[in-house]
Amino acid sequence: MPSSTKSALQIAGYNILPLSLPPLPSLLTATHYLYLAPHQPKLPTSTASRSLFLVNVPFDATETHIKHLLSAQIGLPVGRIEDVQFEGQSGKGISADESLSTKHKQDQKSKKRKRGSGGGSLGDVEGVALPSTWDRDLQTNGLTAVVLFVDRASMEAALRAVKAIRKERIEPVWGEGVEGKVPALGSARYLNHHKLTYPNTSQLLESVNNYMTKFAAKEASQVRLAAKQRQEADEDGFITVTRGGRTNPARQEAAQEQAEKQKEKQKGLEDFYRFQSREKRKERAGELVRKFEEDKERVRKMKERRGRFRPE
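Our subject in this report is the structure included herewith. Each residue is numbered by its place in its chain's sequence as written, counting from 1. pLDDT decides what is reported in this predicted model: residues at 70 or higher carry local features, side-chain atom pairs at 80 or more are listed and counted, and totals for whole chains, interfaces and linings draw on all residues regardless. Calculation of side-chain values draws on the structure's entire complement of heavy atoms; hydrogens and water are dropped beforehand.

## Regarding the sheet that holds strand β2 (residues 14-20)
Part 1 of the reasoning: Reading across the sheet, the six strands line up as β1-β2-β3-β4-β6-β5 and stay open at both edges, with antiparallel pairing between neighbours. What marks the edges here is a single partner per strand, and that holds for β1 (10-11) and β5 (81-86).
Part 2 of the reasoning: Bridge count for β1 against β2 is two bridges, and the pairing is antiparallel. Along β2, the bridge assignment pairs Gln-10 with Asn-15. The criterion for strand pairing is that DSSP finds at least two bridges linking the strands in question. Here a strand is any run of E in DSSP of at least two residues, a helix any run of H or I of at least four, and the numbering for each starts at the N terminus.

## Some details on the pairing of strand β6 (residues 144-149)
As a general feature of sheets, a regular strand has side chains that alternate between the two faces.
Part 1 of the reasoning: Note on classification: 1.4 Å probe, protein chains only; a residue is buried when its accessible area is under 20% of the maximum for its type, exposed when over 50%, partly exposed between these limits. Counting buried positions along β6 yields six of six residues, so the element is predominantly enclosed.
Part 2 of the reasoning: Residue alternation in β6 divides its side chains into two sets, Thr-144, Val-146 and Leu-148 and Ala-145, Val-147 and Phe-149, and both sets are buried.
Part 3 of the reasoning: Two strands pair when backbone bridges link them, and strand β4 (residues 51-55) and β6 are joined in this way by five bridges, in the antiparallel orientation. Across the sheet, the residue bridging to Phe-53 is Val-146, located in β6.
Part 4 of the reasoning: Across five bridges, β5 lies against β6 in antiparallel orientation. Directly across from Val-84, in β6, lies its bridge partner Val-147.

## A word on the side chain of Ser-20
Part 1 of the reasoning: By the element assignment, Ser-20 lies in strand β2.
Part 2 of the reasoning: On the basis of relative accessibility, which here comes to 15%, the residue Ser-20 falls in the buried class.
Part 3 of the reasoning: Of note is the side chain of Ser-20, whose polar atom sits 2.9 Å from the side chain of Glu-171.
Part 4 of the reasoning: The residues touching Ser-20, leaving out its near neighbours within four places in the chain, are Ala-30, Glu-171, Pro-172, Val-173 and Trp-174. For this analysis, a polar contact is any N or O atom pair within 3.5 Å, provided that within protein one partner can donate a hydrogen and the other can accept it, and provided that sequence-adjacent residues contribute only side-chain to side-chain pairs. A contact between two residues is defined here by any heavy atoms of the two lying within 4.5 Å.

## Remarks on the pattern of salt bridges
Part 1 of the reasoning: Any Lys or Arg side-chain nitrogen found within 4 Å of a carboxyl oxygen on Asp or Glu counts as a salt bridge. The full count for this structure, using the stated rule, is 10 salt bridges.
Part 2 of the reasoning: Note that Glu-297 is salt-bridged to Arg-300, the shortest N-O span being 2.4 Å. Of this pair, Glu-297 and Arg-300 both sit in helix α8 (residues 274-307), separated by three residues, roughly a single helical turn.
Part 3 of the reasoning: For Arg-300, a relative accessible area of 39% puts it in the partly exposed group.
Part 4 of the reasoning: In this structure, a network of salt bridges that share partners links the residues Glu-287, Arg-290 and Glu-294.

## Quick word on the pairing of β2
Part 1 of the reasoning: Where burial is concerned, most of β2 is hidden: six out of the seven residues are buried.
Part 2 of the reasoning: Following β1, the chain reverses through two residues before pairing antiparallel with β2; Ala-12 in that reversal takes a positive phi of roughly 55 degrees.
Part 3 of the reasoning: As defined by bridge partners, β2 adjoins strand β3 (residues 31-38) across six bridges and the pair is classed as antiparallel. Within β3, the residue paired with Leu-19 across the bridge is His-32.

Laid out in structure tokens, this is it:
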């Protein structure tokens, strides 16, 4: 990063917070730059006024890291942060659409599926998943996060503290003080992943039982909905044809009753169109002609009976 940016306190409205990365045997001392600003989502929310928007979050960041950095490491009291939401995740008091673009969310989900983080899902039943095979999630380097404080004063105090340590040229060491509070990375992460790939039998059985219970409830709900559709006519008086066969036939009486009700509703609309009135007049004229011909035939037969000779 250019020296002018290193010495700057802000860039494009964001406060710059340099973080010293922990030294590694194979890596020289490096600095990671975190950018902070008051959260200003496109759609205002009730929590935006007490939230901070973070850009360029380190890939190994966890909620514990962020809370420790924005409290103990910058000199604020612990317990002033209510929630931390990373890009692609949902938080307790923050909507996922407040700061995250659709493209980023889709990319994040795609990458998570590829590397198998989080546990696998079971079909299309919501709220049920297999046991997780990773002990912690890793972020895509450079993404964003939203930090929700308990009140606006705490959020503003965090910003002031960041500006103060910048003026004193202090660089907090990223992850210092959280050792042992979060699962380790490196080979330990993959050894633990291998163990979690083969979960405890009772834990796996619990997940499967939860899935079967919710799946059975969902299936029963679909059966009830299908039965209801077979018994009710739509606005045009038609009955929805659904699966059921002989074991679950439609109730003809209920369907006929519903059709009659539909006809009653449509009585007032019989003469709505001109052609309906025209057809109705034709029907009445035809009915009069038919009755006239029947009367003529009746009169002819009566005359024949009167003119006949009846000997005594």
